[in-house]
Each structure stands twice: as C-alpha cells, then as structure tokens.
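Examining the three-dimensional arrangement
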Amino acid sequence: MLSESEIAIILRALLATFLGSIIGFERRAAGVPVRGRIITMTTMTAAALTAVGAEYYPMHVSRIAAGVVTGIGFLGAGAILRTATGEVHGQATAAGIWTMSCIGIIVGAGQEVVGIVLTAMVYLILAWDEWPVVSQMKQRWAKRPTNDAESKGSGEPEEPTD
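A brief report on the enclosed structure follows. The model shown is predicted, which means the values in this text are computed figures rather than measured ones.

Reading the values: rules and limits
Residues numbered from 1 in each chain as written. Predicted model: local features only at pLDDT ≥ 70, side-chain atom pairs only at ≥ 80, totals over all residues. Heavy atoms only, no water. Helix = DSSP H or I, 4+ residues; strand = E, 2+ residues; numbered from the N terminus. Buried < 20%, exposed > 50% of the residue type's maximum accessible area, 1.4 Å probe, protein only. Contact = heavy atoms within 4.5 Å. Areas by Shrake-Rupley, 256 points an atom, 1.4 Å probe, with all protein chains shown as cover. Axes fitted to C-alpha atoms, helices over the stretch in contact; angles between N-to-C directions. Parallel < 35°, antiparallel > 145°, perpendicular 65-115°, else oblique. Left-handed = near helix turned anticlockwise from the far one by under 90°. Nonpolar A, V, L, I, M, F, W, Y, C, P; charged D, E, K, R; others polar.

Below, the discussion takes up the overall build of the protein. In terms of helices and strands, the protein carries seven helices and two strands. Buried residues in the protein amount to 29% of all 162 residues. For the protein, long-range pairs separated by at least 24 residues make up 61% of all intrachain contacts whose partners lie at least 6 apart in sequence. When the accessible area of the protein is evaluated, it comes to approximately 11,300 Å², of which 64% is carbon and sulfur surface.

Taken N-terminus to C-terminus, the directions of helix α2 (residues 36-56) and helix α4 (residues 91-108) make an angle of 30 degrees; their axes are 7 Å apart at the nearest point. Classified by the interaxial angle, the pair formed by α2 and α4 is roughly parallel. The interaxial crossing formed by α2 with α4 has right-handed handedness. Contacts between α2 and α4 pair Ile-38, Ile-39, Thr-42, Thr-43, Ala-46, Ala-47, Thr-50, Ala-51 and Ala-54 from the former with Ile-97, Met-100, Ser-101, Gly-104, Ile-105 and Gly-108 from the latter. Across the contact of α2 with α4, the residue classes break down as nine nonpolar, six polar and no charged.

Turning to its location among the elements, Gly-71 is positioned in helix α3 (residues 61-79). Here the alpha-carbon distance between Gly-71 and Thr-42, two residues 29 residues apart in the chain, equals 10.0 Å.

Here it is in structure tokens:
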C-alpha cells in the first residue's frame, strides 16, 4: 500500500505533468521546434525530485532545487543555437524549459495553486501573438505609413557645397 508521502509525491508529479503538457501542446501548436514531451518531462521531473526531497529530506530541499535549476540550465543551453549567419535561435525555448522546470519545483514543494496560476501566466505570454486583439493591432501597425526621420531625411539642413 502507498504511504501518504508517496501519494503526495505522485499527485504533485501528475499535476506537474499536466501543467507541462499544456505548455508543451501550446509550443507544438505554435510550430516551435522543441517537442512538448521535453517540457512535460522537465516539469514532471523537477516536481518529483522536489516532492521527494520535501517529503523525505526536508533539510536538503534547497540543494535539490539548486541541482534541478543547474541541470535545466545545461539543457536550456543546448536548445540555443547559432546559425551560420550568426543569428541566435532558441532563447524562448530555453526560457520556456527553464520556466516550466521552476514551476515543477514550485508544484513539487506543495504550492499547487501557485503552479497553476504561473502556468496560466506562461501560457498567456506564449500565446500573446495569437490573441485576436494583438493580431489586429499588428496588422494595423504594419499598414501605417512610417513617419520616422529616415523616411523624411535626417531632419537637419544639408550643408551647402562649394
């Protein structure tokens, strides 16, 4: 039979898996190259490790969380790539993996409501460009004529030539 601690660990890991899959699905739907399973697994693993630490090693939870954050930092660094032209890609992916692993730590520590609210905030941030109001504002902004100094000239009088 499962103990009360084991049930708490499993429930926290399940919640983190669900929260990670929400963000992973959003990333997949947006066509981002990171697979949703990676985000889901990092969120679940962070929650499980933190929950085990909180239940069985309460004096060492901060060390466990620090180890998770460090490990996720390496995983995120692998997601950031530089192309041959010098452009850097993957910062948002790395930030998403890191953010969701931190939410996993929060859920694993027993702050489930905070984890749910933060996941909703992450979803809103990631889906910002897909909001109808934002899309309409972008379209209107793109249609506006430019009024900057480059389109009119520098605005300074030219020096006379001899």
